[in-house]
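Structural description and commentary
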Amino acid sequence: MNFVHYLFEKSRYLEKSFMVADQESYSYPEFVKNLEKLSFALLHHYGSRKKFLLVADNTPFFVISYFSIIYSGNIAVLVDTRINRTDLRQILDTCSPSGVFVQDKYRTIFEGCNFSLLDETRIREIQHETSLLNPPPDMDPDDLAVIIYTSGSTGTKKGVMLTHKNLITNTESILGYLKLTESDRIGALLPLFYCYGASLLHTHTRVGGSIVLNPQPFLGSVIADIDDYQCTGFAGVPSTFQILINKTSFLKEKFPTLRYLTQAGGQLPNRYIKMLSENFTDKQVFIMYGATEATARLSYLPPECLLSKMGSIGKGIPGVTLAVLNEQGLPVKPSEIGEIAAKGDNIMKGYYHDPEGTAAVLKDGWLYTGDLATVDEDGFIYVVGRLKNVIKSGGYRISPQEIEKEILSFEKVKGCVVLGIPHEIMGEAIVAVILVSDTVGTQDLKREIHTHCNQRLPSYKVPKKILFVDEFPLNSSNKVDLIRLKEIILSSEKSEK
């Protein structure tokens with residue numbers, strides 16, 4: 001089954017709001033009519049199984065372009081709207097798209113490119129250029145539907161190839177534990193080109209719910225949007241909740257229509273999880289774990305376990321086998337550390353034009369995530385670090401998360417990122433970048449943190465340098481931009497010399 005056909009299978013005739021954006025609103029029948037027109041036009045002009053780049057904010061243009069590309073039997077290639085020209089050129093050269101769906105505001109980044117540009121005006125035109133009503137082609141479950149280029153927080157961008165089966169399987173799994181219905185409405189704060197954001201669109205479309213689009217969200221407006229649009233769900237990455245808690249009245253709000261909150265995209269410190277649990281006692285809080293290579297979700301922690309299993313990512317979602325494996329490929333015992341690996345029909349086909357990269361993570365039927373974790377006696381999984389982010393200093397392999405946990409125990413610390421920077425003698429030196437509400441008068445806090453770390457950690461794990469910031473640089477997925485953060489550290493080092 002074509003993934004988009006699956007999404008609208010039960011909802012296409014619902015006489016209710018499908019999508020709300022600024023002053024625009026689309027019902028299900030209205031949207032499906034426009035979707036079919038554009039899909040048939042794409043089939044007529046380009047055929048099927050072609051690749052189309054999509055560059056747009058969270059707008060109706062993104063949604064209709066995304067669904068039309070897939071429904072016409074073609075492949076949607078999703079990239080970050082803030083992509084630099086070097087990365088963009090690499091993607092264009094590699095995947096050779098038949099066309100580029102581009103929001104008007106981003107047209108300039110494609111100047112000089114020899115591709116068909118399908119902007120907002122052009123897609124309105126081609127919708128009316130053909131009256132052909134050809135049904136979309138039959139798709140094999142393993143046919144490509146989407147290529148999502150990862151955020152590149154640790155290196156070269158990789159194109160994750162997702163099939164129709166991957167997308168259908170993961171959507172069904174998420175619906176299995178969130179128990180969404182057509183009465184649910186989500187505010188799309190997360191970018192739709194990000195797998196977490198896309199999954200919100202997928203699940204709500206499948207059940208006949210509604211989605212509120214926010215093209216350029218400011219976190220301060222989130223509070224008003226939840227109430228104004230009567231949202232039943234809210235989703236965010238760690239920095240989303242940290243900013244809302246530290247800089248807005250988020251925890252003091254009642255949000256009468258809100259039923260649940262979900263968090264994924266990295267580890268939210270336990271202190272913030274506890275705040276959410278204590279302040280929203282009438283709402284469900286889902287802590288989730290996933291990867292673009294797994295379509296979106298891999299595990300979730302049931303809300304009723306939030307406090308008893310604090311810090312855990314839970315267990316595998318329905319249809320996913322999730323394990324923590326040692327170097328011999330065997331499950332670890334409680335307190336032992338291994339790498340999280342997953343099996344299921346949601347696991348990607350591979351990285352586009354990267355057989356070596358694919359072979360490095362898809363082994364013996366397992367997706368190796370690169371995340372280090374342990375398990376408890378009940379089988380709940382706890383992430384302890386990132387294999388590629390392990391700091392190698394003085395011959396030791398050091399997990400940043402262990403150090404971050406100690407620093408986050410200080411009330412004045414609102415956030416913390418620990419990473420390694422090149423060092424001539426040690427290989428890498430440990431640097432802690434600490435988020436505080438006011439960087440004035442932090443010398444005392446720096447001394448307290450050093451003393452605390454010296455008392456709690458072995459000497460080789462104590463940060464050699466501490467920097468204070470009043471905000472972290474974020475990428476377009478609202479995750480901390482580790483590359484930019486490392487640049488800031490190295491720049492401060494040069495200025496001190």
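Keep in mind it's a predicted model, so treat the numbers as computed, not measured.

Assignment of secondary structure puts D138 in the loop between α5 (120-127) and β7 (144-149). Accessibility expressed as a relative area gives 73% for D138, which makes it exposed. Separated by 74 residues in the primary sequence, D138 and V212 have C-alpha atoms spaced 31 Å apart.

What follows is about the sheet that holds strand β3 (residues 51-55). If you trace the seven strands from one edge of the open sheet to the other, you get β6-β5-β3-β4-β7-β8-β18, paired in mixed fashion. Whereas interior strands pair on both sides, the edge strands pair on one side only; in this sheet they are β6 (116-118) and β18 (350-351). Pairing analysis gives four bridges linking β3 to strand β4 (residues 75-78), with the strands arranged parallel. By the bridge assignment for β4, F52 is matched with A76. Against the sheet, α5 touches β5 (99-102) and β6, its axis set at about 90° to β6.

Soluble globular proteins tend to bury their nonpolar side chains together. Grouped together as the largest cluster of nonpolar side chains are 89 residues, with contacts concentrated most on F8, F31, Y66, F67 and F101. When residues of this core are assigned to their parent elements, the largest contribution, nine residues, is made by helix α3 (residues 60-71). Ignoring anything within four residues of it in the chain, the contact list for F101 reads L38, L42, F52, L53, L54, V55, F61, S65, I69, L118 and I123.

We now examine the side chain of K51. Assignment of secondary structure puts K51 in strand β3. Here K51 is buried and forms no salt bridge, its nearest opposite-charge partner D143 lying at an N-O distance of 12 Å. A polar contact is formed between the side chain of K51 and the side chain of Y352, at a distance of 3.4 Å. Residues within four places of K51 in sequence aside, it is in contact with I75, V77, C95, P97, S98, G99, I147 and Y352.

The sheet built from three strands is open, its strands ordered β24-β25-β26 with mixed pairing. Bordering the open sheet on either side are β24 (415-423) and β26 (465-469), each of which pairs with just one other strand. Neighbour-to-neighbour, the strand axes of the sheet open up by a mean angle of 25°, direction not taken into account. Summarising the sheet, β24 and strand β25 (residues 427-435) pair through nine bridges and their orientation is antiparallel. Bridged to G420 within β25 is I430. Seen against the sheet, helix α12 (residues 400-407) touches β24 and β25 and runs at an angle of roughly 135° to β24.

So, on to the pattern of salt bridges. Within the structure shown, the criterion is met by 19 salt bridges. R89 serves as the salt-bridge partner of D93, at 3.1 Å between the closest nitrogen and oxygen. In this pair, D93 and R89 are both assigned in helix α4 (residues 85-95), four residues apart and thus about one turn of the helix distant. Residue D93 is classed as partly exposed on the basis of its relative accessible area of 49%. You can call R89 partly exposed: its relative accessible area is 37%. Note that D444 is salt-bridged to R447, the shortest N-O span being 2.2 Å. Here D444 pairs with R447, and both are found in helix α13 (residues 443-456), just three residues apart, close to one helical turn. Classification of D444 by relative accessible area gives partly exposed; the value is 45%. What makes R447 partly exposed here is its relative accessible area of 48%. Connected through shared salt-bridge partners, E9, E172 and R206 make up one network.

Along strand β11 (residues 233-236), one buried face is formed by G233 and A235 and the opposite face, lined by F234 and G236, is buried too. With four bridges connecting them, β11 and strand β12 (residues 260-263) associate as parallel partners. Across the sheet, A235 pairs through a bridge with T262, a residue of β12. Where the polypeptide runs from β11 across helix α9 (residues 238-247) and back to β12, its parallel neighbour, the crossover connection is right-handed.

What follows concerns the environment of E471. Within the secondary structure, E471 is located in the loop between β26 and α14 (482-496). The exposed category is assigned to E471, whose relative accessible area is 55%. Ignoring any residue separated from it by four or fewer positions in sequence, one finds E471 in contact with K247 and L435.

Across the interface, helix α2 (residues 28-46) lies against α3 with an axial gap of 8 Å and an inter-helix angle of 55°. Overall, the two elements α2 and α3 adopt an arrangement that is oblique. Taken as a pair, α2 and α3 cross one another with a handedness that is right-handed. The segment α2 lies against α3, with F31, N34, L35, E36, L38, S39 and L42 engaging V63, I64, F67, S68, I69 and Y71. Tallied by class, the residues present in the contact of α2 with α3 amount to nine nonpolar, three polar and one charged.

Scoring rules and cut-offs
- Residues numbered from 1 in each chain as written.
- Predicted model: local features only at pLDDT ≥ 70, side-chain atom pairs only at ≥ 80, totals over all residues.
- Heavy atoms only, no water.
- Helix = DSSP H or I, 4+ residues; strand = E, 2+ residues; numbered from the N terminus.
- Buried < 20%, exposed > 50% of the residue type's maximum accessible area, 1.4 Å probe, protein only.
- Pairing = 2+ DSSP bridges.
- Contact = heavy atoms within 4.5 Å.
- Axes fitted to C-alpha atoms, helices over the stretch in contact; angles between N-to-C directions.
- Core = buried A, V, L, I, M, F, W, Y, C linked by side-chain atoms within 4.5 Å.
- Lys, Arg positive; Asp, Glu negative; His and termini not counted.
- Salt bridge = Lys/Arg side-chain N within 4 Å of Asp/Glu carboxyl O.
- Polar contact = N/O pair within 3.5 Å; in protein donor to acceptor, adjacent residues only side chain to side chain.
- Right-handed = clockwise from strand over helix to strand, strands pointing away.
- Parallel < 35°, antiparallel > 145°, perpendicular 65-115°, else oblique.
- Left-handed = near helix turned anticlockwise from the far one by under 90°.
- Nonpolar A, V, L, I, M, F, W, Y, C, P; charged D, E, K, R; others polar.

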